[in-house]
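If you want the building blocks of each chain, they are given just below.
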Amino acid sequence: MPRHRDAGTGPVVHRTARIGLRITRAQRQRCFGLLRSAGDVWACVLEVNAWRRRRRDKPAAGFQELCRLLAQSGPGTFGELDSVGARSVLRNYSDAWFSAAARRKAGHSQVRFPRRRRGLMPVRWYHGTFTVTGQVMRIPTARGCPPLAVRLDRPIPYPADTVRSVTLLFADGRLCVDVTAELPVTVYPAGQEPDPRRVAGVDLGIIHPFAVATADGEHSLLVSGRAIRAEHRMHLADTKTRRRATAARAPSKGERGSRRWRKTRRRARLIEGRHRRRVRQALHEAAKTVVGWAVHQRVGTFTVGDPRGVLDLPAGRRHNLRLRQWQIGRTLQILQDKAALAGIRVHLVDERGTSSTCPACHRRISKPRGRNMTCPHCAFAGHRDLAAAYTIAGRTPDGATTTPPATPGGMVTHRRAGRHLPGVARARRDPAADHQGRRRKGPLAGGGPPHHLRWGVARLTARIHSYTGPHPVNVRGHRTRWTRVVRRRPIG
């Protein structure tokens, strides 16, 4: 990725999309060989600096110095990994070392320098070293090695001339590539661009990931995140059930696992990665909804309350789990990236006390237990998250003017995040739930037919109950399982 751009070009932002690979077994082995070679480069740098540390010499941390050491190693030292991919590993080490040095200089003594070995390291190639033709990507290799062409499982969502780098990595139990593109900031027609003087406050939360209210109190937006919470709870329940089922065949401490155990661990990694992708996609959808609403309202400035200070406060076992699943940093980063692409400025302010302050009379009140806030000092009553967003809008560094919202408060737009998650549609993820989402109890708490087949099953059950002949038996002389089940099931 170029570090210097022409002065005449407009503002740009960098966006990254993660795309899976459709590769053969031989291509998979070669991709893992590149990642292992990158891990060898990382280990060599750690070893060299360990020698220098024992001799009390200055560590090799500069990028140019590390590149000179790489050139001295000679060609063919790291398998099929070319010099561009090896230099990307050296760049990661140099950035990590200087970042740790800066934080230690600022007083964070607990920060450590990079000294941990890694078996697989991501490899990045910059613009001009790789080619993309349709859904086929050609990855450069070392001199004398055959070329490596891999197929992407979906097209790149960016124009071909904007792609600046690709990164091969192993994440969530699968091989994938991160495609980074340089996109210009959105240009709007005259009179439709976001106005920087129009300010909207953004309150982040768990039940509602985004609650947005304009400074004039006329328009507001609520994005529901209950589907994301349900995904976290269902994934936690599935993980506990799976661990209880596999605990019996787990190897003892210090014992090497079998092939079956490795397959079980791989399946667990795939499920965990799928859960993280689902939540990440839901957060992207929520942030896209907020930015689209702001563009429609011509909001040019977001004032976001930063709630990361509550992570250090002990709040009990259950609430601490909710805070860890919240992903505040990822939510802020996603909102900032999408707002920058739309040309909207983002300010982070302290959100302390916003949920217990009346937005109309600005007096402190007790924090409500429910979703509605009622001020005992004035006539204000409304949603507490929107009230907090309105209070946050008044803390804009530029000094945005706010108008006390009316009771109950302007036009409120409701949206949902995570419509793609299991359980949101009619096809439930829980196999022991009926078509109304209620949990069945007793011996019939099993899968059952889909919703669109329940009427036919009910008619078949009625016919079976009206049958007065002998019971059907299997080859061993016992009643069949389906006969016992449907006779205990209520008709209809």
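Every chain is numbered on its own, with residues counted from 1 as its sequence reads. Side-chain atom pairs in this predicted model are given and counted only at pLDDT of 80 or more, local residue features only at pLDDT of at least 70, and totals for whole chains, interfaces and linings cover all residues. Note that the side-chain values use all heavy atoms of the structure and ignore hydrogens as well as water.

## Let's talk about the pattern of salt bridges
We define a salt bridge as a contact between a side-chain nitrogen of Lys or Arg and a carboxyl oxygen of Asp or Glu at a distance within 4 Å. In total, this model carries twelve salt bridges according to the counting rule given. In this structure, the salt-bridge partner of R278 is E231, at a minimum N-O distance of 3.8 Å. Placement of R278 in helix α5 (residues 259-296) and of E231 in helix α4 (residues 226-246) is noted, with a sequence separation of 47 residues between them. Beyond isolated ion pairs, a larger network of salt bridges with shared partners links D172, E272 and R276. Each helix is a run of DSSP H or I of at least 4 residues and each strand a run of E of at least 2, with the numbering of both proceeding from the N terminus.

## Regarding α5
One less than the number of residues in a helix, times 1.5 Å, gives the span that helix is expected to have. End to end, α5 covers 55 Å across 38 residues, agreeing with the expected 56 Å (1.5 Å per residue, within 8%). Positive phi appears at R298, one or two residues downstream of α5, with a value of about 60 degrees.

## Focus on helix α3 (residues 83-105)
Here α3 is 23 residues long and its end C-alpha atoms lie 33 Å apart, about the 33 Å a rise of 1.5 Å per residue gives. Exposure classes here rest on a 1.4 Å probe applied to the protein chains alone. A residue is buried below 20% of its type maximum, exposed above 50%, and partly exposed in between. Along α3, the positions that sit buried rather than exposed are G85, A86, S88, V89, L90, Y93, S94, W97 and A100. Its buried side turned inward, α3 meets α1 (25-54), α2 (63-73) and β2 (123-126). Positive phi shows up at G107, right after α3, with a value of about 115 degrees. The contact definition used throughout considers only heavy atoms, calling two residues in contact when any of these lie within 4.5 Å.

## Some words on the packing of α4 against α5
Two quantities define a packed helix pair, namely the angle between the helix axes and the distance between the axes. Following both chains from N to C, one finds α4 and α5 inclined at 175 degrees, their axes separated by 11 Å at the closest point. As judged from the angle between their axes, α4 and α5 are roughly antiparallel. Only W261, T264, A268, I271, E272, H275, R278, V279, A282 and L283 of α5 make contact with α4, whose side of the interface consists of I228, E231, H232, H235, R242 and T246. The classification used treats Ala, Val, Leu, Ile, Met, Phe, Trp, Tyr, Cys and Pro as nonpolar, Asp, Glu, Lys and Arg as charged, and all other residues, Gly among them, as polar. In the contact of α4 with α5, the residues fall into seven nonpolar, five polar and four charged. Only the contacting stretch of a helix is used when fitting its axis, a line to C-alpha atoms as for every element, and angles between N-to-C directions run 0 to 180 degrees. Each angle receives one of four descriptions, namely roughly parallel if under 35 degrees, roughly antiparallel if over 145, roughly perpendicular if within 65 to 115, and oblique otherwise.

## A short note on the confidence of the model for the protein
The quantity called pLDDT is the predictor's confidence in a given residue, expressed from 0 to 100. Averaged over all residues, the pLDDT of the protein is 80; the fraction at 70 or higher stands at 82%. β2 holds the highest mean pLDDT among the elements of the protein, 94, whereas helix α10 (residues 481-488) holds the lowest, 39. This stretch, residues 427-437, has a pLDDT under 50; its non-local contacts, to residues over four places away or in other chains, come to 27 contacts. The model gives residues 439-467 a pLDDT under 50, and that stretch makes 42 contacts with residues more than four places away or in other chains.

## Focus on a positive patch on the surface
A cluster of basic residues, R233, K240, R244, R317, R318 and R322, forms a positive patch at the surface. Going through the elements one at a time, α4 and α6 (317-326) are the ones with two or more residues in the positive patch. Within the secondary structure layout, R244 lies in helix α4. A patch consists of residues whose relative accessible area exceeds 30% and which take part in no salt bridge; residues with like charges are grouped when within 9 Å of each other, and nonpolar side chains (Val, Leu, Ile, Met, Phe, Trp, Tyr) when within 5 Å. Per-residue and other accessible areas were derived by the Shrake-Rupley procedure at a 1.4 Å probe size, with only the shown protein chains allowed to occlude residues. Charge counting treats Lys and Arg as positive and Asp and Glu as negative, with His and both chain ends excluded. By convention, the point assigned to a charge is CZ for Arg, NZ for Lys, CD for Glu and CG for Asp.

## Some remarks on the packing of aromatic side chains
Only the six-membered ring of Trp is used, alongside the rings of Phe and Tyr, when aromatic pairs are assigned; centres must lie within 6.5 Å, and planes under 30 degrees apart are stacked while those over 60 apart are edge-to-face, with the rest tilted. Considering all chains together, one arrives at four aromatic pairs under this definition. With centroids separated by 5.5 Å and ring planes inclined at 80 degrees, the aromatic side chains of W42 and Y93 adopt a geometry described as edge-to-face. Here W42 is found in helix α1, whereas its partner Y93 is found in helix α3, with 51 residues between them in sequence. Take W42: its relative accessible area is 4%, and that puts it in the buried class.

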